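Fold and geometry: a report
The chain contents come next:
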Amino acid sequence: MSLQTVLQSIQNSGLSLWIRQNPAIFPIIESLHVVAITLVFGTIMIVDLRLLGFASHRRSANKLIAELLPFTWGAFILAVVTGSLLFTANAPAYANNTQFQLKMLVMLAAGVNMVIFHMTAHRRIAVWDSVSPPPTAARLAGVTSLILWVAVIYVGRWIGFTLDILF
Amino acid sequence: MSVQAFGQWLYTTPAAAAIRETVWVIPTVQAIHILSIAVLVGSALVSNLRLAGVFAADEAPTTIIRRYLPWMWCALAVLLLTGLLLIVAEPGRTLNNAVFWTKMALVLFAFVLTLVFQKPLLNRQSADNGPDRSTMTKSAAWLSLGLWLAVIFCGRFIAYT
């Protein structure tokens, strides 16, 4: 089964049809998607700035990460669920949209950046937990994350201006 | 001059045309608007959850408000500026839109709550962290957070009404 047939069968699914046939549904899902995105960025930014060495509301970087990450993940899950529903409504159009593809790639890069951080600087966090400035690896992870999430939001907004809407 | 007439006049101004006709301007301004509301809501989340008593209980509320209230003011300034540009570019989309005015009322309400319940904490000694977190403050904190989320929801919903 080719990618295009998979996309077409998503497009023909009952869920996809339901979203397209009820004009109020898509805007509601999209508005929730934006709420989720702002919470993801708003919380991850506080952590990223701390990794860069900007003082946060507490001294310990480890404690800050531990108390904020559940919010980031919760909001991210909401963003993925709502994003998947938006995709389902117009699967082939999104899949063929350059900005959408770019957004997925940039999110993948943000994920890789996070994994690298957890495998390197975060392993030694006990050493630099309340030290300023944090080590280069942590600062690098922080600035990379900030740039990538800004890019995710920017190309994400562009999707709305470039998508071939099918309904 | 009615709001509608004003909107129609605004639409015809050279400034409005310039913003509309340069393809990257509106998406870029909207993206900056979203980033700013994200900064604001991140700050509002941490501050209000602290005031509600469910977050960072070992840190004084004053420490947290001092850290995040200036961010909220900066974000608000950028939001008003970018928002104004978006109104100038597409007045018809906003000025005649009930969701837009609902959003403005919610923004105003949320900022009045912030001024009343957060700003006075700036002048307090950090050590003065007495058990005075009244039910009133906690309710206001939850309400503020709900208001900001509603503001963001309305913001996107404007495009569809």
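Each value, and the rule that gives it
Residues numbered from 1 in each chain as written. Chains lettered and ligands numbered in written order. Predicted model: local features only at pLDDT ≥ 70, side-chain atom pairs only at ≥ 80, totals over all residues. Heavy atoms only, no water. Helix = DSSP H or I, 4+ residues; strand = E, 2+ residues; numbered from the N terminus. Buried < 20%, exposed > 50% of the residue type's maximum accessible area, 1.4 Å probe, protein only. Lys, Arg positive; Asp, Glu negative; His and termini not counted. Charge placed at Lys NZ, Arg CZ, Asp CG, Glu CD. UniProt positions renumbered as here; feature names shortened; annotations may be inferred. 1 Å grid on protein atoms, 1.4 Å probe; cavity = no way out; pocket = protein on both sides within 12 Å on 5 of 7 lines; lining within 4 Å. Points joined across faces, edges and corners; volume = space filled by probe spheres on them. Contact = heavy atoms within 4.5 Å. Salt bridge = Lys/Arg side-chain N within 4 Å of Asp/Glu carboxyl O. Polar contact = N/O pair within 3.5 Å; in protein donor to acceptor, adjacent residues only side chain to side chain. Nonpolar A, V, L, I, M, F, W, Y, C, P; charged D, E, K, R; others polar. Patch = residues over 30% accessible without salt bridge, like charges linked within 9 Å, V, L, I, M, F, W, Y side chains within 5 Å. Areas by Shrake-Rupley, 256 points an atom, 1.4 Å probe, with all protein chains shown as cover. Phe/Tyr/Trp six-rings, centres within 6.5 Å; stacked < 30°, edge-to-face > 60°. Lys NZ or Arg CZ within 6 Å of the ring centre and 35° of its normal.

Re the overall build of chain A
- When helices and strands are counted, chain A shows eight helices and zero strands.
- Reading chain A from its N end, one meets helices and strands in the order α-α-α-α-α-α-α-α.
- Expressed as lengths along the three principal axes of its C-alpha atoms, the size of chain A is roughly 55 × 30 × 25 Å.
- Relative to its 167 residues, chain A shows a buried fraction of 49%.
- A gap of 9 Å separates the mean positions of the 10 positive and 5 negative side-chain charges of chain A.

Regarding the UniProt feature "domain: DUF6644" (unreviewed entry) in chain A
- Under the UniProt annotation, the feature "domain: DUF6644" (unreviewed entry) is placed at residues 30–161 of chain A.
- Helix makes up 83% of residues 30–161 of chain A and strand 0%, with an end-to-end C-alpha separation of 14 Å.

Things to note about the layout of surface pockets
- Roughly 940 Å³ of volume is contained in the largest pocket.
- Lining the largest pocket we find 42 residues, and of these Glu 30, His 33, Leu 86, Tyr 94 and Gly 156 of chain A sit closest to its centre.
- The set of elements that each furnish at least two residues to the lining of the largest pocket consists of α2 (14–21), α3 (25–52), α4 (61–89), α6 (98–119) and α8 (136–162) of chain A together with α3 (25–52) of chain B.
- Computed from the structure, the second largest pocket encloses a volume of approximately 730 Å³.
- His 33, Leu 79, Gly 83, Lys 103 and Met 104 of chain B are the residues nearest the centre of the second largest pocket, which is lined by 31 residues in total.
- Elements represented by at least two residues in the lining of the second largest pocket include exactly α3, α4 (61–89), α5 (91–94), α6 (98–117) and α7 (135–157) of chain B.

Observations concerning the interface of chain A and chain B
- With 31 residues of chain A in contact, the opposing surface of chain B contributes 32 residues.
- Close ionic contact of Glu 59 of chain B with Arg 58 of chain A constitutes a salt bridge, the shortest N to O distance being 3.6 Å.
- Where chain A touches chain B, the interface holds 10 residue pairs in polar contact (both at pLDDT 80 or more).
- If you list the elements that add at least two residues to the side of chain A that touches chain B, you get α3, α4 and α8 of chain A.

Topic: empty space enclosed by the protein
Residues and elements named next belong to chain B.
- Per the counting criterion, the structure on display carries one cavity of 30 Å³ or more.
- Here the largest cavity defines a volume of roughly 30 Å³.
- In terms of lining, the largest cavity is formed by Asn 48, Leu 51, Leu 113, Thr 114, Phe 117, Gln 118, Thr 137, Ala 140, Ala 141 and Ser 144.
- Taken together, the elements giving at least two residues each to the lining of the largest cavity come down to α3, α6 and α7.
- A total of four residues in the lining of the largest cavity trace back to one element, the largest contributor, which is α7.
- Tallied by class, residues from the lining of the largest cavity come to five nonpolar, five polar and no charged.

Some words on a nonpolar patch on the surface
Residue and element names in this part refer to chain A.
- Together, Leu 102, Leu 105, Leu 108, Val 112 and Ile 116 line one region of the surface with nonpolar side chains, adding up to about 480 Å² of accessible area.
- With respect to the helices and strands, Ile 116 occurs in helix α6.
- Overall, the relative accessible area of 47% leaves Ile 116 in the partly exposed class.

Comments concerning the UniProt feature "transmembrane region" (unreviewed entry) in chain A
All names here are of chain A.
- Listed under "transmembrane region" (unreviewed entry) in the UniProt record, and renumbered for this structure, are residues 24–47, 68–88, 100–119 and 140–159.
- Helix makes up 96% of residues 24–47 and strand 0%, and the two end C-alpha atoms of the span are 36 Å apart.
- Taken end to end, residues 68–88 comprises 100% helix and 0% strand; its first and last C-alpha atoms sit 30 Å apart.

What to know about the pattern of salt bridges
- Going through the model one piece at a time under the given rule, you end up with six salt bridges over all chains.
- One salt bridge in this structure joins Arg 58 of chain A and Glu 67 of chain A, with 2.8 Å as the shortest N-O distance.
- The buried category is assigned to Arg 58 of chain A, whose relative accessible area is 5%.
- Owing to a relative accessible area of 15%, Glu 67 of chain A belongs among the buried residues under this scheme.
- Among the charged side chains, a network of salt bridges with common partners joins Arg 58, Lys 63 and Glu 67 of chain A together with Asp 58 and Glu 59 of chain B.

Here's the deal with the packing of aromatic side chains
- According to the stated counting rule, one finds 13 aromatic pairs over all chains in the structure shown.
- The interplanar angle of 85° and the centroid separation of 5.8 Å between the aromatic rings of Trp 73 of chain A and Phe 76 of chain A together place this pair among those described as edge-to-face. On the criterion of helical spacing, the pair formed by Trp 73 of chain A and Phe 76 of chain A is a turn pair, its members being three residues apart in helix α4.
- Relative accessible area serves as the criterion here: at 24%, Phe 76 of chain A is assigned to the partly exposed category.
- Taken together, the ring pairs connect Trp 73, Phe 76 and Trp 149 of chain A into an aromatic cluster.
- Sitting over the ring of Tyr 11 of chain B, Arg 20 of chain B keeps its end group 3.7 Å from the ring centre.
- Its guanidinium or amino end placed over the ring of Tyr 68 of chain B, Arg 67 of chain B lies 5.8 Å from that ring's centre, counting from NZ or CZ.

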